[in-house]
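Here's the letter readout for the chains.
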Amino acid sequence: MSPSSLKSRRVILAVTGGVAVYKAADLVRRLKSEEADVTVVMTEASRRFVSPLTFESLSGNKVYTDVFSDPLAHVSLPAGADLLVIAPATANMIGKLASGIADDMVSLTFLAFRGPVIFAPAMNWRMYGHPVVQRNIRTLRGLGLLEVEPEEGELACGERGVGRMADVGRIVEAAKGCLSKKDLAGRRLLVVAGPTREYIDPVRFISNRSSGKMGYALAAVAARRGADVTLISGPVALDPPPGADVVRVETSEEMLEAVKRHVREADILVMAAAVADFVPEDYSPVKREKGEGFVLRLRPAPDIVKAVSGTGERPFIVGFSAETGPDTAKARRKLEDKGMDFIVFNDVTVDGAGFDSDTNKISIIDREGIADYPLMSKEACAEVILDRCVELSG
Ligand code: PMT
């Protein structure tokens, strides 16, 4: 099983003094839920907002604030770390780091660290837009630091503008991106996710239970691993995965057309979508009366994978097979009939697998055999599926 990119990685979270310090507590929690080993270093000013005890309790590690009580910590801590995240990063700290000032635990740790550094500015919008701050940010970016840009919204001072610390999810995603392997760099992936809707009349449709989570996880992990990702998505309630271009569709016909349009530029097609297999034959352009009920005739939906695999210049094709039992025979047939390179089997009746859950239990079937995986997060499933893509697609 491929580990999450943060699992067992040693992350130093440097916290500097602004109102957004309370969000850093949530950041520790999120990094810990990804199984990272988090150590917090704080400036004196940040201690005024949140006590070190909070960070110590959440991280399970000692918190460092005073350079002199542990004089070698600013050297020994960074020596063993994989990533430094500075969040929130104040205008003062950004200025210090850009000019090499090292007079507190955070700035000393920064200078002693060799590895990827992420910073998430948080301040008033006029401060953030000030040419001096912008110049310092450019300096840090020029040195290879990754800025997770602040967001627009209501600020602690009551004003509105760009200056709110980035959502914690974006910072975690940036951390994962920094520590991910980049074995898909230069590869173009087309991922298709979610359900389709097949309309009976303007207000009713048939569909299925796909939430899009499996396909969105594939798109996010592929982008993190350096791929150029286009995600064609049926209607779902998910945020767009960072780093992917999203094309929204509703019906199987729209999905087919979008796949045809984008597949020419793709090296790899991953078809995680649950296409509604049937389309109502007689669409009524006006809302049907309730009345006594009626007979709904259905025709097969267009087969999207077949439309691509039958063409001369086809990409490497990965399909999915959602089944309601453990027998993999149907999946093997689909692999052959649809001309896929490999197929991911998932039994959607298994607890925690298939539709809507954050986890899945998959088997990867190709012409060489079958590999079974335990129940794991959809991101972890995406990692092993993409590992197999890399192995088989050359
Ligand atoms: O979205 P989630 O809630 O996270 O759930 C994930 C999932 C269960 C939807 C996903 O893991 C999955 O199994 N997707 C494929 C579901 C499916 O439709 O399987 P199938 O056995 O019916 O189709 C086989 C393959 O042909 C699939 O790659 C499918 O996308 C494709 N297909 C199906 C019908 C059709 N008309 N055209 C197609 O291209």
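The structure under discussion appears in the preceding block.
A quick note: this is a predicted structure, and the numbers were derived from the prediction, not measured.

Asks: Teacher, can you tell me more about the side chain of asparagine 346 here?
Replies: Note that asparagine 346 resides in strand β17 (residues 342–347). From its side chain, asparagine 346 meets the backbone oxygen of serine 321 in a polar contact 2.9 Å long. Setting aside anything within four residues of it in sequence, one finds asparagine 346 in contact with Phe320, Ser321, Ala322, Glu323, Gly354, Asn360, Lys361 and Ile362.

Asks: What is the right way to read the packing of helix α1 (residues 21–33) against helix α3 (residues 52–59) from this model?
Replies: Helix-helix packing is described using two parameters, namely the angle between the two axes and the distance between the axes. Between α1 and α3, the least distance of the axes is 9 Å, while the angle of their chain directions is 10 degrees. Between α1 and α3, the angle falls in the class roughly parallel. Between α1 and α3 the crossing geometry is right-handed. Of α3, the residues touching α1 (which contributes Val21, Ala24, Ala25, Val28 and Lys32) are Thr54, Phe55, Leu58 and Ser59.

Asks: Just checking my understanding: could you explain helix α8 (residues 131–142) for this structure?
Replies: Within an α-helix, residues lying three or four positions from one another point in the same direction, as the helix has 3.6 residues per turn. The terminal C-alpha atoms of α8 lie 16 Å apart, and with twelve residues this matches the ideal 16 Å at 1.5 Å per residue to within 8%. All buried positions along α8 are accounted for by Val133, Asn136, Ile137 and Leu140. Buried residues of α8 fall within an arc of 100 degrees about the axis and therefore sit on the same side. Residues of α8 that are exposed and point more than 90 degrees away from the buried face comprise Pro131, Arg138 and Gly142.

Asks: Explain the site of the ligand here, please?
Replies: Among the 28 residues in the neighbourhood of the ligand, the closest are listed as Ser210, Ser211, Lys334, Asn346 and Asp356. The backbone of methionine 271 places a nitrogen or oxygen atom 2.8 Å from an oxygen atom of the ligand. Within the contact set of the ligand, a nitrogen atom lies 3.1 Å away from a backbone nitrogen or oxygen of isoleucine 304. Notes on the ligand: free accessible area 770 Å², of which the protein chains cover 95%.

Asks: Got a minute to help me understand the layout of surface pockets in this structure?
Replies: Any empty space left between the atoms is revealed when a probe the size of a water molecule rolls over them. Estimated volume of the largest pocket: approximately 1,300 Å³. Around the largest pocket sit 41 residues that line it, and Glu173, Lys176, Ala220, Arg224 and Glu379 are the ones nearest its centre. When contributions to the lining of the largest pocket are tallied by element, the ones reaching two or more residues are α1, β5 (146–147), α9 (168–179), α10 (213–224), β21 (376–377) and α14 (378–393). Taken together, the residues of the lining of the largest pocket sort by class into 17 nonpolar, eight polar and 16 charged. Structurally, the lining of the largest pocket is a two-domain feature, drawing no fewer than three residues from each of domain 1 (10–179) and domain 2 (188–393). In this structure, the second largest pocket spans a volume of roughly 960 Å³. Around the second largest pocket, the lining comprises 43 residues; the ones closest to its centre are Ala273, Ala274, Val275, Asp277 and Ala322. When contributions to the lining of the second largest pocket are tallied by element, the ones reaching two or more residues are α10, α12 (304–309), β16 (316–323) and α13 (329–337).

Asks: Is there a simple way to explain helix α6 (residues 105–112) in this structure?
Replies: Within α6, six of the eight residues are buried, which leaves it mostly tucked inside the rest of the structure. Residues of α6 that are buried: Met105, Val106, Ser107, Leu108, Thr109 and Phe110. Buried-residue contacts for α6 involve β1 (10–15), β2 (37–42), α4 (73–79), β3 (83–89), α5 (91–99) and β4 (117–121). Looking at where α6 begins, the residue whose side-chain oxygen comes 2.8 Å from the main-chain nitrogen of valine 106 is aspartate 104.

Criteria and cut-off values
- Residues numbered from 1 in each chain as written.
- Predicted model: local features only at pLDDT ≥ 70, side-chain atom pairs only at ≥ 80, totals over all residues.
- Heavy atoms only, no water.
- Helix = DSSP H or I, 4+ residues; strand = E, 2+ residues; numbered from the N terminus.
- Polar contact = N/O pair within 3.5 Å; in protein donor to acceptor, adjacent residues only side chain to side chain.
- Contact = heavy atoms within 4.5 Å.
- Axes fitted to C-alpha atoms, helices over the stretch in contact; angles between N-to-C directions.
- Parallel < 35°, antiparallel > 145°, perpendicular 65-115°, else oblique.
- Left-handed = near helix turned anticlockwise from the far one by under 90°.
- Expected span 1.5 Å × (residues − 1).
- Buried < 20%, exposed > 50% of the residue type's maximum accessible area, 1.4 Å probe, protein only.
- Arc of directions from axis to C-beta.
- Near = heavy atom within 4 Å.
- Areas by Shrake-Rupley, 256 points an atom, 1.4 Å probe, with all protein chains shown as cover.
- 1 Å grid on protein atoms, 1.4 Å probe; cavity = no way out; pocket = protein on both sides within 12 Å on 5 of 7 lines; lining within 4 Å.
- Points joined across faces, edges and corners; volume = space filled by probe spheres on them.
- Nonpolar A, V, L, I, M, F, W, Y, C, P; charged D, E, K, R; others polar.
- Domains from an automatic or database assignment.

Take it as geometry only, folks, not as evidence of what the structure does.
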